[in-house]
Amino acid sequence: MATILAIETSCDETAVAIVRDRHVCSSVITSQIDTHRPYGGVVPEVASRQHLEIINWEIDQAVEQAELGWDSIDGVAATCAPGLVGALLVGLTAAKSLAVVHQKPFLGVHHLEGHIYASYLSEPELQPPFLSLLVSGGHTSLIHVKSCGVYESIGETRDDAAGEAFDKVARLLNLGYPGGPVIDKLAAMGNPQAYPLPEGRVSLPTGGYHPYDASFSGLKTAVLRLVQKLEQTEEKNSLPIADIAASFQDTIVRALTKRAIAAALDLGLDTIAVGGGVAANRGLRQHLTATGNQHNLRVLFPPLKFCTDNAAMIGCAAADHFHHGHVSDLKLGVNSRLSLARVMDLYV
Ligand code: KG4
Ligand code: ZN
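Each chain has its residues counted from 1, running along the sequence as written. Note on labels: chains are lettered from A, ligands numbered from 1, in written order. Given that this is a predicted model, residues contribute local features only at a pLDDT of at least 70 and side-chain atom pairs are listed and counted only at 80 or more, while totals for whole chains, interfaces and linings are drawn from all residues. Side-chain metrics rest on all non-hydrogen atoms present in the structure, leaving aside hydrogens and water.

K.L.:
I would appreciate a short explanation of the site of ligand 1 in the present structure.
P.N.:
Only heavy atoms are used to decide nearness, and a residue is near a molecule or strand if one of them lies within 4 Å of it. With respect to spatial proximity, 20 residues lie near ligand 1, and among them Gly137, Asp167, Asp184, Gly277 and Asn281 are the closest. Between Gly137 and ligand 1, the recorded distance is 2.8 Å, taken from a backbone N or O atom to an oxygen atom. Whenever two N or O atoms come within 3.5 Å, that pair is a polar contact, provided that in protein one can donate a hydrogen and the other can accept it, and provided that, for residues adjacent in sequence, both atoms are side-chain atoms. Contact distances for ligand 1 include 2.9 Å between a nitrogen atom and a side-chain N or O atom of Asp184. Within the complex, 88% of the 550 Å² of free accessible area of ligand 1 lies under protein. Secondary structure elements are taken from DSSP: a helix is a run of H or I of four residues or more, a strand is a run of E of two residues or more, and numbering for both begins at the N terminus. At the level of secondary structure, the elements contributing two or more residues to the shell around ligand 1 comprise helix H4 (111-122), helix H5 (162-172) and helix H6 (179-187). In terms of residue count, H6 provides more of the shell around ligand 1 than any other element does, four residues in total. Its residues assigned to classes, the shell around ligand 1 shows five nonpolar, 12 polar and three charged. Each accessible area value is a Shrake-Rupley result obtained with a 1.4 Å probe; residue values ignore everything except the protein chains displayed when judging cover. Each residue is assigned to one of three groups, with Ala, Val, Leu, Ile, Met, Phe, Trp, Tyr, Cys and Pro labelled nonpolar, Asp, Glu, Lys and Arg labelled charged, and all others, Gly among them, labelled polar.

In structure tokens form, the structure reads like this:
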């Protein structure tokens, strides 16, 4: 058993958790969404400052809630890539300081590997190999999870990430930031067949379409054109927002589902584990689960609180690396962009 104190500050959530293998002993999360909302997106400098103001309090809370002393903690981990450099530095520096003061091993964790490990928190029996569908604000990938630290990306978005598409469409509908939760809510009240929208297929030079890659920027532009067209005929404040939201969500959900099912079947994998903020989407949860079941595939979604950014998933990934004897050098720095294929570069 490995007990890890983990810190996540890669974007706009400050989070600290204590995890014992796949069991969450405590998890503290403070979202900065209200601070960034007036700007329509995350302001990096503001994010770093807020992480700094709250991180020590959160560490105390996580230790207190877990009712564990430092004697029981085997290692300290923090997200070190990818993400906002200033924001990552706050969590990484805090983790290194704790590791030095308490004389514990230190582990840097790749943020996307954390999202993959969120599935282990609710499915303690889950073991690789499986297919991971990672859908967050910054990433959309299909990953063949082979073992701890060994990942092969087999499909990506060529432009906007799924969460980014939700956020951009919400902005053009004046629905505020972040867009995913509000579109999800509106979509439940609208007609998904109201407006046909392009799924965004990626052409292959040899003809046909890429089976796993996606492209969502054309979908966003199609929604913009639709809104402009409707505005010519309808009052601005009587736009059929719910129908637009439902049609957009249905298109993106079908695109993700089609690619994930094809990838799992082609690779002979029987499980699809979804991670990242968009895994909270109700339309995706329903459609992918139902379609997966039709193909005898097991589809796993983490509980909602572990879909968006949190430190429990980072601790869970760190615990597994710790078991495999992987620890990081204290000289490890942050990296705003690091591919999942290079996870093992983080360990000595
Ligand atoms: O994983 P996450 O918390 O942060 C990143 O690592 O990016 O994901 C945030 C993204 C945002 O784009 C947000 O709009 C989206 O997840 N999101 C959703 C939902 N909840 C959050 N998208 C669709 N439906 C939701 N219910
Ligand atoms: Zn994330």
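K.L.:
What's the story with the coordination of the zinc ion (ligand 2) in this structure? I'm lost.
P.N.:
Each donor-metal-donor angle in an ideal tetrahedron of four donors is 109.5 degrees, and each such angle in an ideal octahedron of six donors is either 90 or 180 degrees. Listed donor atoms are N, O and S within 2.8 Å of the metal (Na, K and Ca: 3.2 Å). As water is not included, a site may look incomplete. The protein atoms that coordinate the zinc ion (ligand 2) are His111 (NE2), His115 (NE2) and Asp309 (OD), at distances spanning 2.0 to 2.1 Å. Here a site with four donors is tetrahedral if all angles are between 85 and 135 degrees, and a site with four or six donors is square planar or octahedral if opposite donors are over 155 degrees apart and the other angles are between 65 and 115; anything else gets the irregular label. Classification of the site at the zinc ion (ligand 2) as irregular follows from its four donor atoms and the range of 95 to 141 degrees in their angles at the metal. Relative accessible area serves as the criterion here: at 7%, His111 is assigned to the buried category. Working definition: with a 1.4 Å probe on protein chains only, accessible area under 20% of the residue-type maximum means buried, over 50% means exposed, and in between means partly exposed.

K.L.:
Could you clarify how one ought to interpret the packing of aromatic side chains in this entry?
P.N.:
Within a pair of aromatic rings, the relevant descriptors are the distance that separates the centres and the angle that separates the planes. To pair, rings of Phe, Tyr and Trp, with the six-membered ring standing in for Trp, must have centres within 6.5 Å; the planes then decide the type, stacked if under 30 degrees apart, edge-to-face if over 60, and tilted in the middle. Throughout the structure, instances matching the rule amount to three aromatic pairs. A centroid spacing of 6.0 Å and a plane angle of 80 degrees characterise the contact between Tyr120 and Phe130, whose relative ring orientation is edge-to-face. In this pair, Tyr120 is assigned in helix H4 and Phe130 in strand S6 (residues 130-135), connecting sequence segments 10 residues apart. Each member of the pair, Tyr120 together with Phe130, is buried. Taken together through their ring pairs, the aromatic side chains of Tyr117, Tyr120 and Phe130 make up a single cluster. By definition, being over a ring means that NZ of Lys or CZ of Arg is both within 6 Å of the ring centre and within 35 degrees of the ring normal. Over the face of the ring belonging to Tyr209 we find Arg201, whose NZ or CZ atom lies 3.9 Å from the ring centre.

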